[in-house]
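Next come the chains, spelled out residue by residue.
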Amino acid sequence: MFFSYNFFTIPPLMATSFLAAIFLAAAPVLSMEIAASNAVRLSSEHHSSSTSRMFSLSENINRITRSVKELYSSAFNSKIETGESNKVLGVKCENVGDCSAVEFATCDHGKCSCDTNHTISKEHMDKCLKGVKLGDDCLEDVQCQKGDSGSVCMAFKCVCSANHSEKKGKCFANPLLGSSCVENLDCRHIPFAECVDNVCACTDAMLPGKHSNVCLSVAIPGERSACEEDIQCTAQFGDKSRCIMGFCECDHSYHASSGKCIPDLKLGSQCSTPSDCVVSRHTEEGNIRDCLNNTCSCVAGYKSTNEENFCVKAGDGYQLHASLAWILCVFVVPYLF
């Protein structure tokens, strides 16, 4: 009885290992035969001859191994080309029968693909899913996008995506500020926007965001005015203001007064009220300036520096001298005696 087996059904590594085992098993026998037939030769010559034959045998095994891999690869590729492998969609075909392993698949332009009413699944690449409409049940986005590219599958229902809105059973891309519109309903996805002269625009009390498609409110005057973008600050405090870390701030050497950023007055400048002499917190911390005799001056207990436009505590210089004198007495004088 002869044993037969389809060679191409054997995994490549198994086939290679099988052939290698046969030749490796035969190697000792071949080595013994070589040794017996050459017993009269010197042991050194025998060793050299056996070694060379073993290397030759190893090369033959490697060559056969490569051949097996190439043969198996050729057979596997042949199966793919004829549609006999597990994968079907995208594989070459001649007729619908070649694609019958996948439901709703057809042979289109020489390749297996889903028919016109179905689309290939993204999660299961060899499965055709039915295309559905807005409001229909679904499993994947591709089913919804088969008929409407602006839709997605959410909670097993086809709905418009976040940046699309439904209108008359279709998903339309939401217009941006400045985009054309017909009615206010077209701009409803933008809070505080309306259709003005056929263009989506913010209402009168709001400002268009520069970095996002939103309408922003004007900053409220105050010591700490919250903001998201510079435009909110400049609309209220003027061009010398910025939105920094979520709050409106006047530029360096400017301070807020009566809802505007105005330049700081230097010490000695003419003034009419104490508020005229207020400076930005970047210059000085706290309210340590006043309008005395119509001149911006430091308040009591502070004095102006000779070189810079700053108010410092009047005793700072004396305290420094006293500290130096104390250090001199404690650490230096004792060593002089």
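Quick caveat, the model's predicted, so the values are computed rather than measured.

Turning our attention to the overall build of the chain. A count of helical and extended segments in the chain gives 5 helices and 20 strands. The buried share of the chain, taken over its 337 residues, is 27%. In the chain, the proportion of contacts linking residues at least 24 apart, taken out of those at least 6 apart, comes to 25%. Here the chain displays about 23000 Å² of accessible surface, and carbon together with sulfur accounts for 58% of that area.

Moving on: the packing of aromatic side chains. Tallied over the full model, the rule gives 0 aromatic pairs. In this structure, R224 is placed above the aromatic ring of F247, and the distance from its NZ or CZ to the ring centre is 4.0 Å.

Position of T116 relative to the elements: it lies in the loop between β2 (111-114) and β3 (118-120). Separated by 14 residues in the primary sequence, T116 and K130 have C-alpha atoms spaced 9.3 Å apart.

Here we take up the side chain of E229. Examined against the element boundaries, E229 turns out to sit in the loop between β12 (215-217) and α4 (230-237). A polar side-chain atom of E229 sits 2.7 Å from the main-chain amide nitrogen of K210. With near-sequence residues (within four places) excluded, E229 lies in contact with G209, K210, H211, S212, L216 and C243.

Turning our attention to the pattern of salt bridges. Applying the stated criterion to the full structure yields 4 salt bridges. A salt bridge links K167 to D186, with the shortest nitrogen-to-oxygen separation between them at 3.3 Å. Of this pair, K167 sits in strand β7 (residues 164-167) while D186 sits in the loop between β8 (170-173) and β9 (193-196); the two residues are 19 residues apart in sequence, bridging distant segments of the chain. The exposure class of K167 is partly exposed, given its relative accessible area of 36%.

Here we take up the state of the cysteines. Between two cysteines, a covalent bond joining their sulfur atoms is known as a disulfide. Using the criterion set out here, one finds 15 disulfides in the structure. Between C144 and C158 runs a disulfide, and the two sulfur atoms are separated by 1.9 Å. On the S-S bond that ties C144 to C158, the torsion sits near -85°, and the link is left-handed. In this pair, C144 sits in helix α3 (residues 141-145) while C158 sits in strand β6 (residues 157-160), placing the two residues 14 residues apart along the sequence. Note on accessibility: C144 and C158 belong to one class, buried.

Across the chain, the average pLDDT comes to 76, with 67% of residues at or above 70. Contacts for the low-pLDDT stretch residues 1-55, under 50 throughout, to residues beyond four places or in other chains number 31 contacts.

What follows is about the pairing of strand β13 (residues 241-244). Only one face of β13 is buried: it carries S241 and C243, and the other face, with R242 and I244, is open. With 4 bridges joining them, β13 and strand β14 (residues 247-250) adopt antiparallel strand pairing. Looking at the pairing, R242 lines up with E249 of β14. Counted along the chain from β13 to the antiparallel partner β14, the turn is 2 residues long, and its residue M245 has a positive phi close to 55°.

The rules behind the values
Residues numbered from 1 in each chain as written. Predicted model: local features only at pLDDT ≥ 70, side-chain atom pairs only at ≥ 80, totals over all residues. Heavy atoms only, no water. Helix = DSSP H or I, 4+ residues; strand = E, 2+ residues; numbered from the N terminus. Buried < 20%, exposed > 50% of the residue type's maximum accessible area, 1.4 Å probe, protein only. Contact = heavy atoms within 4.5 Å. Areas by Shrake-Rupley, 256 points an atom, 1.4 Å probe, with all protein chains shown as cover. Phe/Tyr/Trp six-rings, centres within 6.5 Å; stacked < 30°, edge-to-face > 60°. Lys NZ or Arg CZ within 6 Å of the ring centre and 35° of its normal. Polar contact = N/O pair within 3.5 Å; in protein donor to acceptor, adjacent residues only side chain to side chain. Salt bridge = Lys/Arg side-chain N within 4 Å of Asp/Glu carboxyl O. Disulfide = S-S within 2.5 Å. pLDDT = per-residue confidence, 0-100. Pairing = 2+ DSSP bridges.

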